[in-house]
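Here's the letter readout for the chains.
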Amino acid sequence: MAEITAALVKELRERTGQGMMECKKALVAADGDIEKAIDDMRASGAIKAAKKAGNIAAEGSIAVKVADDNKAAVIIEVNSQTDFLALQDDFKAFVAESLSEAFEQKLTDAAPLIASRESAREALVAKCGENVNIRRLTRVEGDVVGAYLHGHRIGVLVALKGGSPELAKDIAMHVAASNPQFLSPAEVSEEAVAKEKEIFLALNADKIAGKPENIVENMVKGRISKFLAEASLVEQPFVKNPDVKVGELAKQAGAEIVSFTRYEVGEGIQKAEVDFAAEVAAQVAASKQ
């Protein structure tokens, strides 16, 4: 018996729009063969057609909810196959209800929410004809928590020690616009620094050739210093006032930035390249059989 992994169940779920238990049962019956599982599900009428890689849900919405006392907030991402669906009332209602449940239940992981909302998700999929997935959520708590939502595609939570909700929201807006990778230079990993050094040396091979080792070392140090400043939130020039760094902005207000969480719709999801000419040709050929 082949091992039915969570990754295999997730892939079948993304390709068919069916529930987790249905996908697991189909994989068990097909001995782990995902293509056979899809064929069996189609034959049984469980799905009208397999959602192939081109139908991976990589669009959708980000939503945030902040507590009235600004001491907690939740951010979630719910994916759809098209941005069009993300703008429809049924999808918006599903997102809002999911967010409310995650907030009220003080959830810190998406798994319980996914399980709880499965019936509603399946009903939405059946109605709209698109795959829909609750992808992730994060709950943040602190002295002061602020949020910023840019349309429905980018959302940010910021936690402060001290300060005000208005300051937290301003910093969250900056994070949405500037997309820092780290909170401070101290958080940048050795691997990230090494990778940046490698890229710099590769891109500047012609300039470096023949230069003394100490000169090259200083060039590298300069680039790394610039990288740390560009990638770290506290070192970035504040978008509303580039004359002051974000870390200094917080300090002037008697605050310290504890953490930030930034979600952008579809980030990290592999989107398949669709050859529409080949797809049409295949459909024409199939119609002649």
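Quick caveat, the model's predicted, so the values are computed rather than measured.

(A) How the structure looks around the packing of helix α1 (residues 6-16) against helix α2 (residues 20-29). One way to put it is that α1 packs onto α2 with a least axis distance of 9 Å and a crossing angle of 115°. Judged on the interaxial angle alone, α2 and α1 are roughly perpendicular. Crossing geometry of α1 relative to α2 is assigned as right-handed. Contacts from L8, V9, L12, R13 and T16 of α1 reach α2 at M20, C23, K24, A26 and L27. Along the lines of polarity and charge, the residues of the contact of α1 with α2 split into 7 nonpolar, 1 polar and 2 charged.

(B) Structural view of helix α11 (residues 213-231). The terminal C-alpha atoms of α11, which comprises 19 residues, lie 27 Å apart, in line with the 27 Å expected from a rise of 1.5 Å per residue. All of the buried residues along α11 are V216, V220, R223, I224, F227, L228 and A231. Taken end-on, α11 shows its buried residues confined to a sector of 140°, consistent with a single buried face. On its buried face, α11 is in contact with α9 (190-203) and α10 (205-208).

(C) View of the packing of aromatic side chains. The final tally for this structure, using the stated rule, is 0 aromatic pairs. In this structure, R136 packs its charged tip against the face of Y263, placed 3.9 Å from the ring centre.

(D) Looking closely at the sheet that holds strand β1 (residues 59-66). Here 3 strands make up an open sheet; going across it, the order is β1-β2-β3 and the pairing antiparallel. Each of the sheet's edge strands pairs with one partner strand only, and the pair in question is β1 and β3 (132-141). The sheet shows a mean angle of 15° between the axes of neighbouring strands, taken without regard to direction. One ladder, built from 9 bridges, connects strand β2 (residues 72-80) with β3; its direction is antiparallel. Residue pairing for β3: A73 is matched across the bridge by V140. Its contacts with the sheet put helix α5 (residues 89-104) on β1, β2 and β3, and the angle it makes with β2 is roughly 145°.

(E) Focus on unusual backbone geometry. One non-glycine residue, D31, adopts positive backbone phi at about 55°. Here D31 is to be found in the loop between α2 and α3 (34-43). For D31, a relative accessible area of 42% gives the class partly exposed. Phi angles above zero are rare outside glycine, and N179 is one such case at about 50°. Here N179 shows up in the loop between α8 (165-178) and α9.

(F) Examining the confidence of the model for the protein more closely. The predicted model of the protein has a mean per-residue pLDDT of 87, with 88% of residues at 70 or higher. This stretch, residues 48-54, has a pLDDT under 50; its non-local contacts, to residues over four places away or in other chains, come to 18 contacts.

(G) Highlighting the pattern of salt bridges. What the rule picks out here adds up to 16 salt bridges. Among the salt bridges present, the one from K127 reaches D90, with a minimum N-O distance of 2.9 Å. Here D90 lies in helix α5 and K127 lies in helix α7 (residues 118-128), a separation of 37 residues in the sequence. By relative accessible area, which is 60% here, K127 ends up exposed. What makes D90 partly exposed here is its relative accessible area of 38%. With a closest N to O distance of 3.0 Å, E118 and R121 form a salt bridge.

So, how was this worked out
Residues numbered from 1 in each chain as written. Predicted model: local features only at pLDDT ≥ 70, side-chain atom pairs only at ≥ 80, totals over all residues. Heavy atoms only, no water. Axes fitted to C-alpha atoms, helices over the stretch in contact; angles between N-to-C directions. Helix = DSSP H or I, 4+ residues; strand = E, 2+ residues; numbered from the N terminus. Parallel < 35°, antiparallel > 145°, perpendicular 65-115°, else oblique. Left-handed = near helix turned anticlockwise from the far one by under 90°. Contact = heavy atoms within 4.5 Å. Nonpolar A, V, L, I, M, F, W, Y, C, P; charged D, E, K, R; others polar. Expected span 1.5 Å × (residues − 1). Buried < 20%, exposed > 50% of the residue type's maximum accessible area, 1.4 Å probe, protein only. Arc of directions from axis to C-beta. Phe/Tyr/Trp six-rings, centres within 6.5 Å; stacked < 30°, edge-to-face > 60°. Lys NZ or Arg CZ within 6 Å of the ring centre and 35° of its normal. Pairing = 2+ DSSP bridges. pLDDT = per-residue confidence, 0-100. Salt bridge = Lys/Arg side-chain N within 4 Å of Asp/Glu carboxyl O.

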